Amino acid sequence: MDKISKREAIFYSHKMAQLSKALWKAIEKDWQDWIKPFQLNINEHHILWIAYHLKGSSVSEISKYGVMHVSTAFNFSKKLEERGLLQFSKRENDKRNTYVELTDEGVELLEATLNEYNPEDNSVLRGVVPLTEMYGKLPEFLDLSALIKEIYGEEYMEILERSLESIEEEEAISKQPTDIETYKKQSKSS
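Since this is a predicted model, take the numbers as computed values, not measurements.

Parameters at a glance
- Residues numbered from 1 in each chain as written.
- Predicted model: local features only at pLDDT ≥ 70, side-chain atom pairs only at ≥ 80, totals over all residues.
- Heavy atoms only, no water.
- Helix = DSSP H or I, 4+ residues; strand = E, 2+ residues; numbered from the N terminus.
- Buried < 20%, exposed > 50% of the residue type's maximum accessible area, 1.4 Å probe, protein only.
- Areas by Shrake-Rupley, 256 points an atom, 1.4 Å probe, with all protein chains shown as cover.
- Patch = residues over 30% accessible without salt bridge, like charges linked within 9 Å, V, L, I, M, F, W, Y side chains within 5 Å.
- Salt bridge = Lys/Arg side-chain N within 4 Å of Asp/Glu carboxyl O.
- Phe/Tyr/Trp six-rings, centres within 6.5 Å; stacked < 30°, edge-to-face > 60°.
- Lys NZ or Arg CZ within 6 Å of the ring centre and 35° of its normal.
- Pairing = 2+ DSSP bridges.
- Core = buried A, V, L, I, M, F, W, Y, C linked by side-chain atoms within 4.5 Å.
- Contact = heavy atoms within 4.5 Å.
- Axes fitted to C-alpha atoms, helices over the stretch in contact; angles between N-to-C directions.
- Parallel < 35°, antiparallel > 145°, perpendicular 65-115°, else oblique.
- Nonpolar A, V, L, I, M, F, W, Y, C, P; charged D, E, K, R; others polar.

1. Section: the overall build of the protein
Part 1: Of the regular secondary structure elements, the protein holds nine helices and three strands.
Part 2: Secondary structure elements of the protein, listed N to C terminal, follow the sequence α-α-β-α-α-β-β-α-α-α-α-α.
Part 3: Buried positions account for 28% of the 190 residues belonging to the protein.
Part 4: For the protein, the exposed area adds up to about 13,400 Å²; of that, 55% sits on carbon and sulfur atoms.

2. With respect to a nonpolar patch on the surface
Part 1: A cluster of nonpolar side chains, contributed by Tyr12, Val67, Phe141, Leu144, Leu147, Ile151 and Tyr152, occupies part of the molecular surface with about 680 Å² of accessible area.
Part 2: Of all the elements, helix α7 (residues 142-152) adds the most residues to the nonpolar patch, at four residues.

3. Overview of the packing of aromatic side chains
Part 1: The final tally for this structure, using the stated rule, is six aromatic pairs.
Part 2: Ring geometry for Tyr65 versus Tyr156: centroids 6.3 Å apart, planes at 40 degrees, classification tilted. In this pair, Tyr65 sits in helix α3 (residues 59-65) while Tyr156 sits in helix α8 (residues 154-169), placing the two residues 91 residues apart along the sequence.
Part 3: Residue class for Tyr156 comes out buried when judged on its relative accessible area of 14%.
Part 4: Lying over the aromatic face of Tyr52, Lys55 brings its terminal NZ or CZ to 5.8 Å of the ring centre.
Part 5: Of note, Lys78 hangs over the ring of Phe88, and the distance from its end group to the ring centre comes to 4.9 Å.

4. A word on the pairing of strand β2 (residues 86-91)
Successive side chains on a regular strand alternate, one facing one side of the sheet and the next facing the other.
Part 1: In this sheet, strand β3 (residues 94-102) lies alongside β2 in antiparallel orientation, the contact comprising five bridges. Looking at the pairing, Gln87 lines up with Glu101 of β3.
Part 2: In this structure, the hairpin formed by β2 and β3 is closed by a connection of two residues.

5. With respect to unusual backbone geometry
Part 1: If you check the backbone angles, Val67 has positive phi at about 50 degrees while not being a glycine.
Part 2: Residue placement: Val67 occurs in the loop between α3 and α4 (70-82).
Part 3: Here Val67 falls in the partly exposed class, since its relative accessible area comes to 44%.
Part 4: Positive phi, close to 55 degrees, is recorded for Phe141, a residue that is not glycine.
Part 5: Position of Phe141 relative to the elements: it lies in the loop between α6 (123-135) and α7.
Part 6: For Phe141, a relative accessible area of 49% translates into the label partly exposed.

6. Details of the nonpolar core
Part 1: Residues Leu40, Ile47, Leu48, Leu80 and Leu86 are the most contacted members of the largest nonpolar core, which totals 31 residues.
Part 2: Looking at this core, the elements with two or more residues in it are α1 (6-35), α2 (42-53), α3, α4, β3, α5 (104-116) and α8.
Part 3: Setting aside residues no more than four positions away along its own chain, Leu40 makes contact with Ile35, His45, Leu48, Leu80, Arg83, Leu109 and Thr113.

7. Re the pairing of β3
Part 1: For strand β1 (residues 57-58) and β3, the ladder comprises two bridges, and the chain directions are antiparallel. When the bridges of β3 are listed, Ser58 appears paired with Tyr99.

8. Considerations on the packing of α7 against α8
Helix packing for two helices is described by the angle between their axes and how far apart those axes are.
Part 1: Viewed as axis vectors pointing N to C, α7 and α8 meet at an angle of 130 degrees, and their least axial separation amounts to 6 Å. Our classification of the angle between α7 and α8 gives oblique. Residue-level contacts link Ser145, Ile148, Lys149 and Tyr152 of α7 to Glu154, Tyr156 and Met157 of α8.
Part 2: Looking at the contact of α7 with α8, its residues break down into four nonpolar, one polar and two charged.

9. Quick look at the sheet that holds β3
Part 1: Pairing within the open sheet is antiparallel, and its three strands lie in the order β1-β3-β2. The open sheet is flanked by β1 and β2, the only strands paired with a single partner.
Part 2: Running at roughly 120 degrees to β2, α4 makes contact with β2 and β3 of the sheet.

Next comes the structure, spelled out in structure tokens:
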């Protein structure tokens, strides 16, 4: 920090804040548009996704890896439980923590959202097309990954990598989109 002037620090912090906020706004809109037909919000979808990839997890793990307050993770998990998408439990060896696991219906819903994902509807992916054409692959954001690792730690990055590996191996994500109308009818009748 001794080599960075206060002016440089303010400039960098402001630039990072503005760029991050603009990027998050685009991601948030795309994410909301993607999951809206499934009657989910971003926090609910994120919780389903984390629980799916961690094969069950504690509410505190969801909070940590979902970068949300524990009460947010718990309250949205409770809503998902009421919809029959998650179930709460305690473990014999750990009575202090509350754990959540996806129900069969929760797995089905999450996989339906993943099958419905359309890369052409994603403004960030459309935005990186010129870079992909120039370099022959999607940007890897090594600097950003290093920064996040420094802020949130090695364990956070390990969980991220594990979830990415899980997505790469996922056979449930088919090339065929799901029929949202059928899902809506099933949701309303249950």
